[in-house]
Amino acid sequence: MDITGRLIKILPEVRGESQRGPWVKGGFVIETENSYFKDTAATSSSGNVLTSSTYTNWSISGEGGANTTWRIYEGESLPLLTAFFKGTVSTDYTTADK
């Protein structure tokens, strides 16, 4: 199989050992024509994993302060368990254009 694209990141090599002996795993992330790597990695068979609409029947919200089990930052994160949130954090930020 031939793939043409731009190398985004080389993933670190991981080594281990199984019952069959030692193994080595490596990987990379590439951007191909008409496919940005973040969008490709964020798609599952049930939809975009970065949007709350994918998680039907979940107690999930994209709004801070909502009394839900899960919180998602639409288009930016996977679901996060709100039980791990402590206190209130405020910040100013900008995101780069993709």
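Trainee: I'd love a proper account of the overall build of the protein chain, names of residues and values included.
Mentor: A tally of regular secondary structure across the protein chain gives one helix and seven strands. Reading the protein chain from its N end, one meets helices and strands in the order β-β-α-β-β-β-β-β. For the protein chain, the proportion of its 98 residues judged to be buried stands at 13%. In the protein chain, the proportion of contacts linking residues at least 24 apart, taken out of those at least 6 apart, comes to 20%. When the accessible surface of the protein chain is summed, it comes to about 8,400 Å², and 51% of that surface belongs to carbon and sulfur atoms.

Trainee: Run through the layout of surface pockets, naming residues and quoting values.
Mentor: Here the second largest pocket defines a volume of roughly 150 Å³. Taken together, Glu63, Gly64, Gly65, Ala66, Asn67, Thr68, Trp70, Arg71, Tyr73, Thr82 and Phe85 form the lining of the second largest pocket. Here the residues of the lining of the second largest pocket are counted per class, giving four nonpolar, five polar and two charged.

Trainee: Mind laying out the side chain of Arg71, listing which residues take part and the relevant values?
Mentor: Relative to the helices and strands, Arg71 is located in strand β6 (residues 70-71). No salt bridge forms around the buried Arg71; measuring N to O, its nearest opposite-charge neighbour Glu63 is 6.7 Å away.

Trainee: Tell me about the sheet that holds strand β5 (residues 60-61), and please be specific about residues and values.
Mentor: Either a parallel or an antiparallel arrangement is found when strands of a sheet pair, and the pairing is made through backbone hydrogen bonds. Reading across from one edge, β5-β6-β7 is the order of the three strands in this open sheet, with mixed pairing throughout. Both edges of this open sheet fall to β5 and β7 (80-81), since each of them pairs with a single strand only. The pairing of β5 with β6 spans two bridges and is classified as parallel. Following the sheet pairing, Ser61 is matched in β6 by Arg71.

Trainee: Pulling in residues and values, what's your account of the confidence of the model for the protein chain?
Mentor: Taken over all residues, the pLDDT of the protein chain has a mean of 77, while the share at 70 or more is 76%. Mean pLDDT per element in the protein chain: helix α1 (residues 37-41) is the minimum at 46, and β5 is the maximum at 92.

Trainee: Requested: an account of the pairing of strand β1 (residues 5-18), with residues and values cited.
Mentor: Direction of pairing for β1 relative to strand β2 (residues 21-32): antiparallel, over a ladder of eleven bridges. Residue pairing in the sheet places Ile10 in a bridge with Phe28 of β2. Counting the residues that bridge the hairpin from β1 to β2 gives two residues.

Basis of the calculations
- Note on numbering: residues in each chain are counted from 1, in written sequence order.
- Local features are withheld for residues below a pLDDT of 70 in this predicted model, meaning they are given only at 70 or higher, and side-chain atom pairs are given and counted only at 80 or more; totals for whole chains, interfaces and linings count all residues.
- In computing side-chain properties, one takes all heavy atoms of the structure into account and sets aside hydrogens as well as water.
- The numbering of helices and of strands both runs from the N terminus, where a helix is a DSSP run of H or I of at least 4 residues and a strand a run of E of at least 2.
- Exposure categories follow from relative accessible area, calculated using a 1.4 Å probe and restricted to protein chains: below 20% of the type maximum is buried, above 50% is exposed, and the middle band is partly exposed.
- Any two residues having at least one pair of non-hydrogen atoms within 4.5 Å are treated as being in contact.
- Every accessible area reported is derived by Shrake-Rupley at a probe size of 1.4 Å, with residue values counting cover from the shown protein chains alone.
- Grid points spaced at 1 Å and placed over the protein atoms alone form the basis of the search, with a cavity being a set where a 1.4 Å probe fits but cannot get out and a pocket an open set showing protein on both sides within 12 Å along at least five of seven lines. Lining residues have an atom within 4 Å of a point.
- Grid points are joined across faces, edges and corners, and a volume is the space filled by probe spheres set on the points.
- Each residue gets one label: Ala, Val, Leu, Ile, Met, Phe, Trp, Tyr, Cys and Pro are nonpolar, Asp, Glu, Lys and Arg are charged, and the others, such as Gly, are polar.
- Charge assignment: positive for Lys and Arg, negative for Asp and Glu; neither His nor the chain ends contribute.
- A side-chain nitrogen of Lys or Arg and a carboxyl oxygen of Asp or Glu constitute a salt bridge if their distance falls within 4 Å.
- What makes two strands pair is DSSP finding at least two bridges between them.
- The predictor attaches a confidence to each residue, and that confidence, scored 0 to 100, is pLDDT.

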